[in-house]
Amino acid sequence: MIEQGVVFYSRNKQLVAIEHQALEKSSQGLVLVVGGPQTRVGSHRLFVHLARALAKQGVHVFRFDYTGAGDSEGEVTQFTDIQADIDAALSCFAKRNPDINAFSLLGLCDAASAILLYLKQKQDARIERVFLLNPWVRQELTQAKMFLGSYYLKRLTSLDFWKKFFTGKVNVTQSGKEIKQYSNIVRSSSATSTSFVDDMLQGLVTFNGDSHIILSGNDLTADEFRVLCQSNHHWQDAVASRLVQQHTVKLADHTFSQADEEQKLLSLITNIFA
């Protein structure tokens, strides 16, 4: 495996990347898209570990800092505005590795959302596969349903919660207000879909490659995505497609911070490439 720094440009800004090259020629490459506020290293060095695991298996990997993040130039960019950076990274990676004919994209949290927005904006024939880890779909209604059906339920079944409750460390009044607020949102059903979530859906349904949605079992962002797919028939139909596969790492938190859960994630992704 060879690792080297790469500089490329997007919208006249200098962006910085690390390329991991397998020792042998490969037809497969993965661009690792970073979510905010993170860098190409990833929380707990997750992206470094993933890139090295794939490179050892014969997959070239390209991980980069988008505009304004890490070592890249410019003002900090939101996930809804990094699609040009994704395109520039793909083009740079492809130019440096002409033997690659099958590209994949991988992103965690709002980077997964950014990938779907990219697929909606551009029908990129270079992309064969996407990995969407705990996609960010924050909306008022799904957030309310998630807190009522997941967060508070988990708290009520947690021994730590009851220890805090009986020692007076739980703000019952505040919790009651939150539950009432979320219940009113769900009952009124007045909350409408946020535009970026609609665009994500379009990106998913128009993509002709394989989509792997990987969810953590101990993560509120993943729980909200599950709620969206259960309560919105458009999303329900989309994830039921033969081109979409869902996977769960049951004990993992949002960033797969525990070593055992990270290894399960790495094994899952490397096995898909095998």
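Shown above is the structure to which this text applies.
None of the values given here were measured: they were computed from a predicted structure.

**Structural notes on the overall build of the chain**
Part 1: From N to C terminus, the chain includes 10 helices and eight strands.
Part 2: Taken over 274 residues, the chain has a buried fraction of 51%.
Part 3: Of the contacts formed within the chain by residues at least 6 apart in sequence, a portion of 76% connects residues at least 24 apart.

**With respect to the side chain of Ser 26**
Part 1: In this structure, Ser 26 sits in the loop between strand S2 (13–21) and strand S3 (28–33).
Part 2: Using a relative accessible area of 9% as the deciding quantity, one classes Ser 26 as buried.
Part 3: Within the local environment of Ser 26, its side chain forms a polar contact with the backbone nitrogen of Gln 28, the two atoms lying 3.1 Å apart.
Part 4: Those residues in contact with Ser 26, other than ones at most four positions away along the chain, are Gly 58, Val 59, His 60, Asp 99 and Ile 100.

**Overview of empty space enclosed by the protein**
Part 1: Going through the model one piece at a time under the given rule, you end up with one cavity of 30 Å³ or more.
Part 2: Of the pockets and cavities examined, the largest cavity occupies roughly 30 Å³.
Part 3: Taken together, Pro 135, Trp 136, Val 137, Arg 138, Thr 221 and Glu 224 make up the lining of the largest cavity.
Part 4: Of the residues in the lining of the largest cavity, the class split is three nonpolar, one polar and two charged.

**Focus: the nonpolar core**
Part 1: Grouped together as the largest cluster of nonpolar side chains are 49 residues, with contacts concentrated most on Phe 8, Val 31, Phe 62, Leu 105 and Trp 235.
Part 2: A per-element tally of this core places helix H3 (residues 110–121) first, with eight residues.
Part 3: In this structure, Leu 32, Leu 46, Phe 256 and Ile 272 belong to the second largest nonpolar core, which totals 24 residues.

**Topic: the pattern of salt bridges**
Part 1: Scanning the model with the defined rule gives 13 salt bridges in all.
Part 2: Residue Asp 87 is joined to Lys 122 by a salt bridge in which the shortest nitrogen-to-oxygen separation is 2.7 Å. Here Asp 87 is found in helix H2 (residues 83–96), whereas its partner Lys 122 is found in the loop between H3 and strand S6 (127–133), with 35 residues between them in sequence.
Part 3: The partner of Arg 126 in a salt bridge is Asp 87, and the shortest N-O contact between them spans 2.9 Å. On the criterion of sequence distance, the pair formed by Arg 126 in the loop between H3 and S6 and Asp 87 in helix H2 is long-range, its members being 39 residues apart.
Part 4: Beyond isolated ion pairs, a larger network of salt bridges with shared partners links Asp 87, Lys 122, Asp 124 and Arg 126.

**Focus: the pairing of S3**
Part 1: In terms of burial, S3 is a largely internal element, six of the six residues being buried.
Part 2: Here S3 shows two buried faces, one formed by Gln 28, Leu 30 and Leu 32 and the other by Gly 29, Val 31 and Val 33.
Part 3: Here four bridges tie S3 to strand S4 (residues 60–64), and the two strands are oriented parallel to one another. For Val 31, the partnering residue across the bridge sits in S4 and is Phe 62.
Part 4: One crossover worth recording links S3 to the parallel S4 by way of helix H1 (residues 46–56), and it is right-handed.

**Topic: the packing of aromatic side chains**
Part 1: For the structure on display, the rule yields eight aromatic pairs.
Part 2: Taking 6.5 Å as the distance between ring centres and 40° as the angle between the ring planes, the aromatic pair formed by Phe 62 and Phe 64 counts as tilted. As far as burial versus exposure is concerned, Phe 62 and Phe 64 are alike and both buried.
Part 3: Through a chain of ring-to-ring contacts, three or more aromatic side chains come together here, namely Phe 8, Phe 62, Phe 64, Phe 93 and Phe 103.
Part 4: Over the aromatic face of Phe 273 sits the side chain of Arg 129, whose NZ or CZ is 4.8 Å from the ring centroid.

**Some details on the environment of Asp 124**
Part 1: Looking at the element boundaries, Asp 124 is found in the loop between H3 and S6.
Part 2: Placed 84 residues apart in sequence, Asp 124 and Asn 208 show a C-alpha to C-alpha distance of 9.8 Å.
Part 3: Only 2.5 Å separates the side chain of Asp 124 from the side chain of Tyr 118, close enough to count as a polar contact.

**Brief notes about the sheet that holds strand S5 (residues 102–108)**
Part 1: Sheet architecture is open: eight strands sit in the order S1-S2-S4-S3-S5-S6-S7-S8, paired in mixed fashion. Edge positions in the sheet fall to strand S1 (2–10) and strand S8 (244–249), since each of these pairs with one other strand and no more. Between one strand axis and the next, the sheet turns by 20° as a mean value, whatever way the strands run.
Part 2: As paired elements, S2 and S4 share four bridges and run antiparallel to each other. Bridging across to S4, Glu 19 finds its partner in Phe 62.
Part 3: Against the sheet, H2 makes contact with S1, S2, S3, S4, S5 and S6, and its axis sits at roughly 130° relative to S1, the strand it touches most.

Scoring rules and cut-offs
Residues numbered from 1 in each chain as written. Predicted model: local features only at pLDDT ≥ 70, side-chain atom pairs only at ≥ 80, totals over all residues. Heavy atoms only, no water. Helix = DSSP H or I, 4+ residues; strand = E, 2+ residues; numbered from the N terminus. Buried < 20%, exposed > 50% of the residue type's maximum accessible area, 1.4 Å probe, protein only. Contact = heavy atoms within 4.5 Å. Polar contact = N/O pair within 3.5 Å; in protein donor to acceptor, adjacent residues only side chain to side chain. 1 Å grid on protein atoms, 1.4 Å probe; cavity = no way out; pocket = protein on both sides within 12 Å on 5 of 7 lines; lining within 4 Å. Points joined across faces, edges and corners; volume = space filled by probe spheres on them. Nonpolar A, V, L, I, M, F, W, Y, C, P; charged D, E, K, R; others polar. Core = buried A, V, L, I, M, F, W, Y, C linked by side-chain atoms within 4.5 Å. Salt bridge = Lys/Arg side-chain N within 4 Å of Asp/Glu carboxyl O. Pairing = 2+ DSSP bridges. Right-handed = clockwise from strand over helix to strand, strands pointing away. Phe/Tyr/Trp six-rings, centres within 6.5 Å; stacked < 30°, edge-to-face > 60°. Lys NZ or Arg CZ within 6 Å of the ring centre and 35° of its normal. Axes fitted to C-alpha atoms, helices over the stretch in contact; angles between N-to-C directions.

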